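Summary of the model geometry
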Amino acid sequence: MPLIQLTSEISYLPSVENPISSDVIFIKPDGSDTTWIFDVGTSSEAAELIKAVEGKKNIVISHFHPDHILNLLKVKCDTLYVTKYTKKYTRAGTIVDEELSFPDGVKIYQIPSSHSKGSLVLEYKDYVFLGDATYCHFRLSAREYNVQLLEQMIKKMEEIQAPNFCLSHDKTFIQPKESVLRIYKKILSRRVNGNPTINVNDFFNDDGGVKESEDSLGNNVKVKI
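**Here's the deal with the pairing of strand β6 (residues 34-38)**
Burial of β6 is extensive: 5 of the 5 residues sit out of reach of the surface. Residues Thr34, Trp36 and Phe38 of β6 are buried on one face, and the alternating residues Thr35 and Ile37, pointing to the opposite face, are buried as well. Pairing between strand β5 (residues 24-27) and β6: 3 bridges, direction antiparallel. Considered in β6, the bridge of Ile25 is made with Phe38. The turn joining β5 and β6, which pair antiparallel and follow one another in sequence, is formed by 6 residues; a positive phi near 80 degrees is taken by Gly31. Note: β6 against strand β7 (residues 56-60), 5 bridges, orientation parallel.

**So, the sheet that holds strand β9 (residues 94-95)**
Ordered in space as β1-β2-β5-β6-β7-β8-β9, the 7 strands form an open sheet in which the pairing is mixed. Two strands lie at the open edges of the sheet, namely β1 (4-5) and β9, each paired on one side alone. Sheet analysis places strand β8 (residues 79-82) next to β9, joined by 2 bridges and oriented parallel. Directly across from Tyr81, in β9, lies its bridge partner Thr94. Across the sheet, helix α1 (residues 44-52) lies against β2 (10-13), β5, β6 and β7, angled at about 15 degrees from β5, the strand it touches most.

Rules and cut-offs
- Residues numbered from 1 in each chain as written.
- Predicted model: local features only at pLDDT ≥ 70, side-chain atom pairs only at ≥ 80, totals over all residues.
- Heavy atoms only, no water.
- Buried < 20%, exposed > 50% of the residue type's maximum accessible area, 1.4 Å probe, protein only.
- Helix = DSSP H or I, 4+ residues; strand = E, 2+ residues; numbered from the N terminus.
- Pairing = 2+ DSSP bridges.
- Contact = heavy atoms within 4.5 Å.
- Axes fitted to C-alpha atoms, helices over the stretch in contact; angles between N-to-C directions.

Nothing here speaks to function; it is all geometry.
Below, the structure written as structure tokens:
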């Protein structure tokens, strides 16, 4: 599968379902000798593309689920950025516990998430790469959002300046910020006093698409780890 070019500085390898592997993003800011890589996936193709990058390589891992980290066993980098939760699995990396801004324009910071503790995002110019941060929590057959975390996630997304949100595993990888926010605010509006979670099973079709809107929930993969 060829890399998809978003801009002259940004490209990505789309996610695949069998075996499940996250989108892998490559950012080479103009004039910089550093390539930033967001998530490493599991596929051999992703590993070979990462190995082929010349010059300095910094890797940012969105969260600790295997489909986003397994290729760390096969690749090398100059600096690895993770949260403390992810480091329990990677056993290596610089922990990000506050926003980091770099001279080449890259920003990395945490975002509250029902899907995974310690989710990192990477922002560069008009794009913010969210990994799986917007996804719900899977508990047996239930898809749920934690109300408090959903509120915090929406607040953080509203603060983000980039107009384009990029959601891993999604058929529509790039989506307008306002479109994504509209869906999650709609989910939040379904909260019930006294209930700490919101069940969203009825939002989804069998293919993972959203029943109630043409917008996506960032969850079009059929099986999530």
